[in-house]
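# A closer look at the structure
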Amino acid sequence: AQSVTQLDSQVPVFEEAPVELRCNYSSSVSVYLFWYVQYPNQGLQLLLKYLSGSTLVESINGFEAEFNKSQTSFHLRKPSVHISDTAEYFCAVLGYGGSQGNLIFGKGTKLSVKP
Amino acid sequence: DTAVSQTPKYLVTQMGNDKSIKCEQNLGHDTMYWYKQDSKKFLKIMFSYNNKELIINETVPNRFSPKSPDKAHLNLHINSLELGDSAVYFCASSATGEGYTFGSGTRLTVV
């Protein structure tokens, strides 16, 4: 079984400041890792994913995340945030190998960007 | 073209009623899912289904039942609605080894 821990439930930052949203996972099998974003009153959108290859993955809107197997982490970063980045961010893990599990989510981190 | 579409977007109903939420995906994915997002934004898997196997999260009451008329559809039927069923329900689909694509959600309010 897999589990995901998002260490911060809320992260307030000022516009143009850097931000890091932390995510740690636990799994007895190999995993794929994902970040989803949910804007207010909207559905879930895939922000970025790690399946294999380079441990640093990037999104089209400036976010990046790095898979660290030894620390079982997949932290999300952005060097300079915008007001429009205000949203709820979910880290998720999908185990594979043997019987495939389901996508398991962390409890979310609310990013609030202030002017 | 919407990849995963679910209807209705909002559903307000009285306790004890039976209701359905429809979901359709045009991605050709083999597996579909229903998730429940509670008032604290926590997302929990309810069902996963492909053309061979239905996997039910054991914590889901048997008042909830998925129905799949074909590979592209997975509807959610809820009998005898209770106040605690109020939540946002998300449909999703995936191909093996890929992330899930989610619908825009159905906000269910039981009064």
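Check the entry above for the structure.
In this text, all values refer to a predicted model and were calculated from it rather than measured experimentally.

So, on to the pattern of salt bridges. Side chains that differ in sign of charge can pair as their charged atoms come close. Applying the stated criterion across every chain, the model contains six salt bridges over all chains. Aspartate 8 of chain A is the partner of arginine 22 of chain A in a salt bridge, and the nearest nitrogen-oxygen pair spans 3.0 Å. Taken together, the positions of arginine 22 of chain A in the loop between strand E3 (19–21) and strand E4 (23–27) and aspartate 8 of chain A in the loop between strand E1 (2–6) and strand E2 (10–14) put the pair 14 residues apart, joining distant regions of the chain. You can call aspartate 8 of chain A partly exposed: its relative accessible area is 21%. Via salt bridges that share partners, Arg63, Glu82 and Asp85 of chain B belong to a single interconnected network.

Attention shifts here to the packing of aromatic side chains. Under the counting rule described, the total for this entry stands at 16 aromatic pairs over all chains. Where phenylalanine 105 of chain A meets tyrosine 35 of chain B, the ring centres are 5.6 Å apart and the plane angle is 90 degrees; that geometry is what we call edge-to-face. Remark: tyrosine 35 of chain B occurs in strand E4 (residues 31–37) and phenylalanine 105 of chain A occurs in strand E11 (residues 104–105); the pair is interchain, linking two chains. Tyrosine 35 of chain B matches phenylalanine 105 of chain A in its accessibility class, with the two residues each being buried. Ring geometry for phenylalanine 90 of chain B and phenylalanine 102 of chain B: centres 6.4 Å apart, planes at 85 degrees, overall edge-to-face. A residue pair is termed long-range when its members are at least 10 positions apart, and phenylalanine 90 of chain B in strand E9 (residues 87–94) and phenylalanine 102 of chain B in strand E10 (residues 101–102) qualify at 12 residues. Classification of phenylalanine 90 of chain B as buried rests on a relative accessible area of 1%.

This brings us to the environment of valine 31 of chain A. Residues and elements named next belong to chain A. Within the secondary structure, valine 31 is located in strand E5 (residues 30–38). Considered as a pair, valine 31 and valine 11 are 20 residues apart in the sequence and their alpha carbons are 26 Å apart. Every residue in contact with valine 31, bar those within four places of it in the chain, is listed here: Gln2, Tyr25, Val93, Leu94, Gly95 and Tyr96.

Moving on, we come to the state of the cysteines. By definition, a disulfide links the sulfur atoms of two cysteines through a covalent bond. Residues and elements named next belong to chain A. For the structure shown, the criterion picks out two disulfides over all chains. Residue pairing for cysteine 23: its cysteine sulfur links by disulfide to cysteine 91, the two sulfurs lying 2.0 Å apart. Sign of the S-S torsion, about -65 degrees for the bond between cysteine 23 and cysteine 91, identifies this disulfide as left-handed. Pair noted here: cysteine 23 is in strand E4 and cysteine 91 is in strand E10 (residues 87–96), with a separation of 68 residues, a long-range link. Of the two residues examined, cysteine 23 and cysteine 91, each falls in the buried class.

Right, let's talk about a positive patch on the surface for a bit. On the surface, a cluster of positive charge is contributed by Lys110 of chain A together with Lys9, Lys41 and Arg107 of chain B. On the secondary structure map, lysine 110 of chain A appears in strand E12 (residues 109–114). Assessed through its relative accessible area of 42%, lysine 110 of chain A is described here as partly exposed.

Residue and element names in this part refer to chain B. Within the open sheet, the four strands sit side by side as E1-E3-E8-E7. Their pairing is antiparallel. Strands at the two margins of the open sheet, each flanked by one partner only, are strand E1 (4–7) and strand E7 (64–67). Along the sheet, successive strands turn relative to each other by an average axial angle of 20 degrees, direction set aside. As paired strands, E7 and strand E8 (residues 75–78) are joined by four bridges and run antiparallel to one another.

Cut-offs and rules
- Residues numbered from 1 in each chain as written.
- Chains lettered and ligands numbered in written order.
- Predicted model: local features only at pLDDT ≥ 70, side-chain atom pairs only at ≥ 80, totals over all residues.
- Heavy atoms only, no water.
- Salt bridge = Lys/Arg side-chain N within 4 Å of Asp/Glu carboxyl O.
- Helix = DSSP H or I, 4+ residues; strand = E, 2+ residues; numbered from the N terminus.
- Buried < 20%, exposed > 50% of the residue type's maximum accessible area, 1.4 Å probe, protein only.
- Phe/Tyr/Trp six-rings, centres within 6.5 Å; stacked < 30°, edge-to-face > 60°.
- Contact = heavy atoms within 4.5 Å.
- Disulfide = S-S within 2.5 Å.
- Patch = residues over 30% accessible without salt bridge, like charges linked within 9 Å, V, L, I, M, F, W, Y side chains within 5 Å.
- Areas by Shrake-Rupley, 256 points an atom, 1.4 Å probe, with all protein chains shown as cover.
- Lys, Arg positive; Asp, Glu negative; His and termini not counted.
- Charge placed at Lys NZ, Arg CZ, Asp CG, Glu CD.
- Pairing = 2+ DSSP bridges.
- Axes fitted to C-alpha atoms, helices over the stretch in contact; angles between N-to-C directions.

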